[in-house]
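Examination of the molecular architecture
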Amino acid sequence: MMLRAATATLAAAALACSLAPSATAAPARDRVPTFGEFQAATFRDVAGQYVVNGDETIGSTRMLRDYYDEMVASYEAGDEPSTQLIINRIYGVDDKWSATTARNLTYCVSNNFGSQKTNIVNAMANGAAQWEAASSGVNFTYVPSADSNCRTSNNAVLFSVEPTYTTQYIARAFFPSSSDSQRNVLVNASSLMNSGSWTPGNIMAHELGHALGFRHEHTRPESGTCFEDNNWRPLTPYDSSSIMHYPQCNGTSSNLSMTSTDRAGIRAVYGS
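Residues numbered from 1 in each chain as written. Predicted model: local features only at pLDDT ≥ 70, side-chain atom pairs only at ≥ 80, totals over all residues. Heavy atoms only, no water.

The protein appears in an unreviewed UniProt entry as Peptidase metallopeptidase domain-containing protein from Nocardioides furvisabuli.

As structure tokens, then:
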């Protein structure tokens, strides 16, 4: 999740909410940026991926253009998303794992975390356990034997957890529909361990929520800010305290903890 820069809407040329103790939502401007301006303002991560909405990846410039065009069309038409935890949609279909894969979400934690590795292992275990406790249809499996070669190209695991030293975010994740080369969770370990009231486990649970297909709750119209796009389907009533809702986007949680509504949402997708 992006935990530093201030949030902005499309009209402010950022399209990305951030999460930081002092962050506030930036107001929209009247002029919609050109694609070139939007592209230039969008952080580009490893392997050329763009990071939008704080901690979600877009794999290519072409895909970023598609994303931009959808946002501009929605913005100019004055559309708002449906008012009814939310799941990502790809071409009108829920972005989720098959039942078999959801029960075997294997991952490694890179040895490159060095002295911080134990902290990352523990944070991942805590975050995974929160979703597993909510749905028996979900199971994350840590594969330590893959840690020495923990990268997206390692076919022994579904995804990798790797270090990053960028100050653009504390952690960022991927969606089930992401290509194999994008299936990693990048973590700034030092920032993760010094995030105030947001515990490392809760932050990683938020990221794993994206890995399960869940979107930011604050893109709903009820939040009144931080709109991202319309590519989602509601699973529960709006929850301003959701683990997937940034506090500075009119959220009401102080510690990014999981709620009963979050638990109901995952059960709606992956079973009880």
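Alright, that's what it looks like, and here's the rest.
1. Structural notes on the sheet that holds strand S3 (residues 86-90)
On the basis of which strands lie adjacent, the open sheet formed by three strands has the order S4-S3-S10 and antiparallel pairing. The open sheet has two edge strands with one neighbour each: strand S4 (93-94) and strand S10 (232-234). The pairing of S3 with S10 spans three bridges and is classified as antiparallel. Bridging across to S10, Asn88 finds its partner in Trp232. (Pairing = 2+ DSSP bridges. Helix = DSSP H or I, 4+ residues; strand = E, 2+ residues; numbered from the N terminus.)

2. Here we look at the nonpolar core
By size, the foremost hydrophobic cluster in this structure holds 43 residues, and its most contacted members are Trp131, Phe140, Val161, Leu212 and Phe214. Mapped by element, the contributors of at least two residues to this core are strand S5 (105-109), helix H4 (117-134), strand S7 (159-163), strand S9 (184-187), helix H5 (189-192), helix H6 (200-211) and helix H7 (260-270). Apart from the residues within four sequence positions on either side, Phe140 is in contact with Leu105, Tyr107, Ala128, Trp131, Glu132, Phe159, Leu208 and Leu212. Formed by nine residues, the second largest nonpolar core is a distinct cluster that contains Phe38, Tyr50, Leu64 and Val72. (Core = buried A, V, L, I, M, F, W, Y, C linked by side-chain atoms within 4.5 Å. Buried < 20%, exposed > 50% of the residue type's maximum accessible area, 1.4 Å probe, protein only. Contact = heavy atoms within 4.5 Å.)

3. Examining the pairing of S3
Strand direction decides the pairing type here: S3 and S4, joined by two bridges, are antiparallel. Across the sheet, Arg89 pairs through a bridge with Asp94, a residue of S4. Remark: two residues form the turn of the hairpin made by S3 and S4, two consecutive strands paired antiparallel; Tyr91 in that turn has positive phi of roughly 50°.

4. What about the packing of aromatic side chains?
Going through the model one piece at a time under the given rule, you end up with six aromatic pairs. Between Tyr107 and Tyr142, the ring centres sit 5.5 Å apart and the planes meet at 20°, which makes this aromatic pair stacked. With Tyr107 in strand S5 and Tyr142 in strand S6 (residues 140-142), the pair connects residues that are 35 residues apart, well separated along the chain. Owing to a relative accessible area of 4%, Tyr107 belongs among the buried residues under this scheme. Look at Tyr142 and you get partly exposed, because its relative accessible area is 27%. Cluster of aromatic residues (ring-pair linked, three or more members): Tyr107, Phe140, Tyr142, Phe159 and Phe174. (Phe/Tyr/Trp six-rings, centres within 6.5 Å; stacked < 30°, edge-to-face > 60°.)

5. A word on the state of the cysteines
Tallied over the entire structure, the rule returns two disulfides. Residue pairing for Cys108: its cysteine sulfur links by disulfide to Cys150, the two sulfurs lying 2.1 Å apart. With the S-S dihedral at roughly 90°, the linkage between Cys108 and Cys150 falls on the right-handed side. With Cys108 in strand S5 and Cys150 in the loop between S6 and S7, this residue pair connects regions lying 42 residues apart in the sequence. Note on accessibility: Cys108 and Cys150 belong to one class, buried. Cysteine pairing for the protein, with bonded cysteines counted in sequence order: 1-2, 3-4. (Disulfide = S-S within 2.5 Å.)

6. Quick look at the environment of Lys96
Along the polypeptide, Lys96 turns up in the loop between S4 and helix H3 (99-102). Residue Lys96 is classed as partly exposed on the basis of its relative accessible area, which comes to 42%. Dropping the residues within four chain positions of it, Lys96 is found in contact with Ile87, Pro176, Leu212, Val269 and Tyr270.

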